[in-house]
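Secondary and tertiary structure notes
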Amino acid sequence: MCGIVGYVGNRPSLGVLIGGLRRLEYRGYDSAGVAMIDAGGRLSTHKRAGKLNVLTEELTASPIADGTTGIGHTRWATHGGPTDRNAHPHLGDDGKLAVIHNGIIENFSALKEELVGEGFTFASETDTEVAAVLLGREYRETGDLTLAFRRVVGRLHGAFTLLALHEDQPGVVVGARRNSPLVIGLGEGENFLGSDVAAFVEHTRRAVAIGQDQIVTIRPDAIEVTDFEGNAVETHPFEIDWNPAAADKGGWSSFMAKEISEEPDAVANTMRGRIADGQVSLPELDGVGSVLADADRVLILACGTAAYAGMLGKYALEKWAGVPVDVELSHEFRYREPVIGPRTVVVSISQSGETMDTLMAVKYARERGATTLSICNTQGATIARESDAALYTHAGPEVAVASTKAFVAQVTALYLLALHLASVRSHLDETQLRDALDELGALPDKLRTVLETAEEIQELARGMSDTRSVLFLGRHVGYPIALEGALKLKELAYIHAEGFAAGELKHGPIALIEPGQRVFVVVPSPRDSNSLHPKVVSNIQEIRARGAHIIAIAEQGDVAVLPFADDVIRIPLTAALFEPLLSVVPLQIFAMELAAAKGLDVDQPRNLAKSVTVE
Ligand code: F6R
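Just so it is clear, the structure is predicted and the values come from calculations on it, not from any experiment.

Structural notes on helix H3 (residues 108-117)
Since one α-helical turn is 3.6 residues long, residues separated by three or four positions face the same way. Of the residues making up H3, those classed as buried are Phe108, Leu111, Lys112 and Leu115. Across the axial projection of H3, the buried residues extend over an arc of 100°, all falling on one side. Residues of H3 that are exposed and point more than 90 degrees away from the buried face comprise Ala110, Glu113 and Gly117. Along its buried surface, H3 packs onto strand E6 (97-105) and helix H4 (128-142). Once H3 finishes, Gly119 follows within two positions and takes phi at roughly 100°, a positive value.

Spelled out as structure tokens, the structure:
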């Protein structure tokens, strides 16, 4: 949470900072601020509660002196409410040093007490201001920002990315990171810092990820990275393969509408180059190949939507690769005593690759001897670097806070992994493998067909904008989709929603059904010999008999649902395991359209941030 950007170079910094913050705003949007060393060599700071627009409108109305060194911040509040005073940057006591921060400094109360004892005063309720005052104090003694950082970071507990600049050191921005992300963008005569590459991808495609417990100093023509003790660290630049235009709305009403429209490409790009001659080829897993072949268990760790993708991965890995799979929420995993061993493969899933709960769970599993493989969408992400192997999804930047295209890309990556394991472990024969790969290959076109139902779903959503509660039911692979449909509706439209395994209804939730209760039902294909179709149709009848209003998501040609459904949304025919990749899309569109009908901001729902980098 919180987006951070830093710049030193040869052009006015304000435009670079605001552009970077706009691309990082998905990380938090409670307040925004910038600090620059202006042309007269003075530190100037501007910050406002509210979304970035509040700040930019003010800066447009009263332009400020710009410079070529600056830092910027967009906040998701942790310590202290979203007010002007608590917005970043925060200043050292002499007003010459400015600091921005992402993370939580857990021992800030003790540090603050110490500083108050020394006579320092504080203007905000934040943990960040403690770091600013400490840095100011050390700067006075060392006269150098990098040295001041080295003295301060050892005193801070918790998670932080900190960036600072000082009026007496124009052309220098210094940063440090522990358990929160930081990436350098390498330019010509200019350099950038950002929470992720989106902050500067429109200016440079070369980047360096900063490792754990490292300090970075950027100048227009040089970067220096050390560990917290000051030992030089070798850097490994990488090329960013995101098209900068992919992070713009491109004429769509929202990032979410655009990202849903990109789902066929997200699936196609995640498969691209990974299927050849009826086999899945994943060379990035070569280093862990023997462990994968011999694994006695797979443990999937993720949060939220990524965890629902993980549930689908379980069905695929068990069916195709014959390996037992457990799926756990990352934040529940490491606070008990989970049994993991050298033959456990931990697969973590994270769009951002920065989710603190998942990062900590991966580290915990690795320390206990598990082999770790991450499925991430953001290049250079911490979780990918902390894992033994990484399998990237290629969904492109996902800017809307609620995840859509990343979900279908995650499921695609998991299915590729499952089919890869199926051949490594000889669990599927050639024909079965080829059939599954053919189905996977046909998905982008089928997704395009689903997207054609958007208007119909928009109509449905508009008619339900006064709805106070919606239930979602599914069985087998339809169950994670019911959970995901409910999550999307809660977070986008602020409507009470719950997803259930349809078989669980009679064990309690059916008591919720009363006349008019809206219920979405994900209906499996009747063509599959093991199909749960008759059972789901019975479930529909049971709730229909109690007055529920049924919206069925069913495959084309399924007429058995017609007598019992009030509305039917059709998806193209595919094999059972692939249905969720299609049936999730109408639910995403529904939640988005219902939120839009209520006049809500679908890209930035209240209280949320895209990268959850605090526990
Ligand atoms: C919901 C949503 C979240 C994320 C979760 C994990 O729409 O986006 O539930 O899926 O916070 O985030 P990542 O995938 O970045 O680890």
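Here the narrative resumes.
Re the pattern of salt bridges
Enumeration over the complete set of coordinates arrives at 33 salt bridges. Where Lys258 meets Glu262, a salt bridge forms, and the shortest distance between an N and an O atom there is 3.1 Å. Of the two residues examined, Lys258 and Glu262, each falls in the buried class. If you follow the salt bridges from partner to partner, you end up with Glu114, Glu118, Arg137, Glu138, Glu141, Arg151 and Arg155 in one network.

Some remarks on the domain arrangement of the protein chain
Per the domain assignment, the segments making up the protein chain are domain 1 (3-240), domain 2 (247-451) and domain 3 (453-615). Inter-centroid distance (C-alpha atoms) of domain 1 to domain 3 is 43 Å. Across the contact, twelve residues belong to domain 1 and ten residues belong to domain 3. Interface of domain 1 and domain 3: buried area, both sides summed, is about 960 Å²; carbon and sulfur atoms make up 50% of it. Looking at the side of domain 1 facing domain 3, the largest losses of area belong to Tyr26, Tyr29 and Trp76, adding up to 52% of the total buried there. For the pair domain 1 and domain 3, the number of links is one salt bridge. Where Lys51 meets Asp601, a salt bridge forms, and the shortest distance between an N and an O atom there is 2.7 Å. Joining domain 1 to domain 3, the criterion identifies six residue pairs in polar contact (both at pLDDT 80 or more). Grouping the constituent residues of the side of domain 1 that touches domain 3 by class yields five nonpolar, four polar and three charged.

Overview of the pairing of strand E22 (residues 469-474)
Across the six residues that make up E22, a large majority, five, are buried. One crossover worth recording links E22 to the parallel strand E23 (residues 496-501) by way of helix H16 (residues 478-493), and it is right-handed. Taken together, the four bridges between E22 and strand E24 (residues 518-522) define a ladder with parallel strand orientation. Counterpart to Leu473 in the pairing with E24 is Val521.

As for the packing of aromatic side chains
Within the structure shown, the criterion is met by nine aromatic pairs. Here Phe160 and Phe228 contribute two aromatic rings whose centre-to-centre distance is 6.4 Å and whose plane-to-plane angle is 10°, an arrangement assigned as stacked. Placement of Phe160 in strand E7 (residues 158-166) and of Phe228 in the loop between strand E13 (222-227) and strand E14 (238-239) is noted, with a sequence separation of 68 residues between them. For Phe160, a relative accessible area of 0% translates into the label buried. Taken together, a centroid distance of 5.6 Å and an interplanar angle of 80° make the contact between Tyr415 and Phe578 edge-to-face. Of this pair, Tyr415 sits in helix H13 (residues 405-424) while Phe578 sits in the loop between strand E26 (567-571) and helix H18 (579-597), and the two are 163 residues apart along the sequence. When the ring centre of Phe122 is taken as reference, the NZ or CZ atom of Lys112 above it lies at 5.1 Å. The ring of Tyr364 has Arg368 lying over it, and the distance from NZ or CZ to the ring centre is 3.6 Å.

Section: the side chain of Arg178
Counting through the fold element by element, Arg178 comes out in strand E8 (residues 173-178). Take Arg178: its relative accessible area is 19%, and that puts it in the buried class. Those residues in contact with Arg178, other than ones at most four positions away along the chain, are Val153, Leu156, Gly158, Ala159, Phe160, Gln212, Asp213 and Phe228.

So, the environment of Arg48
Turning to its location among the elements, Arg48 is positioned in strand E3 (residues 43-49). When the C-alpha atoms of Arg48 and Asn86 are compared, they prove to be 9.0 Å apart, with 38 residues separating the residues in sequence. Ignoring sequence-local partners within four residues, the contact set of Arg48 consists of Ser31, Ala32, Val54, Leu55, Glu58, Asp84 and Ala87. At 2.6 Å, the side chain of Arg48 forms a polar contact with the side chain of Glu58. Separated by 3.2 Å, the side chains of Arg48 and Asp84 make a polar contact.

Quick look at the site of the ligand
Looking at the ligand, there are 14 residues lining it, with Ser350, Gln351, Ser352, Thr355 and Glu491 nearest. Thr355 is positioned such that a nitrogen or oxygen atom in its side chain is 2.5 Å from an oxygen atom of the ligand. Burial of the ligand by the protein chains amounts to 89% of its free accessible area of 410 Å². Going through the elements one at a time, helix H9 (304-321) and H16 are the ones with two or more residues in the shell around the ligand.

Some remarks on the nonpolar core
One recurring pattern in soluble globular proteins: nonpolar side chains tend to sit buried together. With 125 residues, the main nonpolar core has Trp320, Tyr415, Leu489 and Phe520 as its most contacted residues. Element by element, the count of residues in this core is highest for H13, at 13 residues. Residues within four places of Leu489 in sequence aside, it is in contact with Val470, Phe472, Tyr494, Ile495, Ala497, Phe590, Ala591 and Leu594. Val99, Val152, Val172 and Ile215 belong to the second largest nonpolar core, which has 28 residues in total.

Some thoughts on unusual backbone geometry
For the peptide bond that leads from His88 to Pro89, omega is 0°, which places it in the cis range. Considering the arrangement of structural elements, one finds Pro89 in the loop between strand E4 (69-75) and strand E5 (90-91). With a phi close to 50°, Ser426 is a non-glycine residue in the positive phi region. Here Ser426 lies in the loop between H13 and helix H14 (430-451). Judged by its relative accessible area of 61%, Ser426 is exposed. The residue Tyr494 is not glycine, and still its phi comes out positive at about 55°. Along the polypeptide, Tyr494 turns up in the loop between H16 and E23.

What to know about the sheet that holds strand E20 (residues 371-376)
To summarise the sheet geometry, strands pair through backbone hydrogen bonds and adopt either a parallel or an antiparallel arrangement. Pairing is parallel in the open sheet, where five strands are placed in the order E18-E17-E19-E20-E21. At either margin of the open sheet sits one strand with a lone partner, and together these are strand E18 (325-329) and strand E21 (389-392). Taken pair by pair, the neighbouring strands of this sheet meet at an average axis angle of 20°, ignoring direction. Across six bridges, the pairing between strand E19 (residues 344-350) and E20 is parallel. Its bridge partner being in E20, Ser350 is matched across the sheet by Cys376. Taken strand by strand, helix H11 (residues 356-367) contacts strand E17 (297-302), E19 and E20, and its axis lies near 165° from that of E19. Each of E17, E19, E20 and E21 touches H13; the most contacted strand, E19, lies at about 160° to it.

Calculation notes
Residues numbered from 1 in each chain as written. Predicted model: local features only at pLDDT ≥ 70, side-chain atom pairs only at ≥ 80, totals over all residues. Heavy atoms only, no water. Buried < 20%, exposed > 50% of the residue type's maximum accessible area, 1.4 Å probe, protein only. Helix = DSSP H or I, 4+ residues; strand = E, 2+ residues; numbered from the N terminus. Arc of directions from axis to C-beta. Contact = heavy atoms within 4.5 Å. Salt bridge = Lys/Arg side-chain N within 4 Å of Asp/Glu carboxyl O. Domains from an automatic or database assignment. Buried area = accessible area lost by both parts, 1.4 Å probe. Polar contact = N/O pair within 3.5 Å; in protein donor to acceptor, adjacent residues only side chain to side chain. Nonpolar A, V, L, I, M, F, W, Y, C, P; charged D, E, K, R; others polar. Right-handed = clockwise from strand over helix to strand, strands pointing away. Pairing = 2+ DSSP bridges. Phe/Tyr/Trp six-rings, centres within 6.5 Å; stacked < 30°, edge-to-face > 60°. Lys NZ or Arg CZ within 6 Å of the ring centre and 35° of its normal. Near = heavy atom within 4 Å. Areas by Shrake-Rupley, 256 points an atom, 1.4 Å probe, with all protein chains shown as cover. Core = buried A, V, L, I, M, F, W, Y, C linked by side-chain atoms within 4.5 Å. Axes fitted to C-alpha atoms, helices over the stretch in contact; angles between N-to-C directions.

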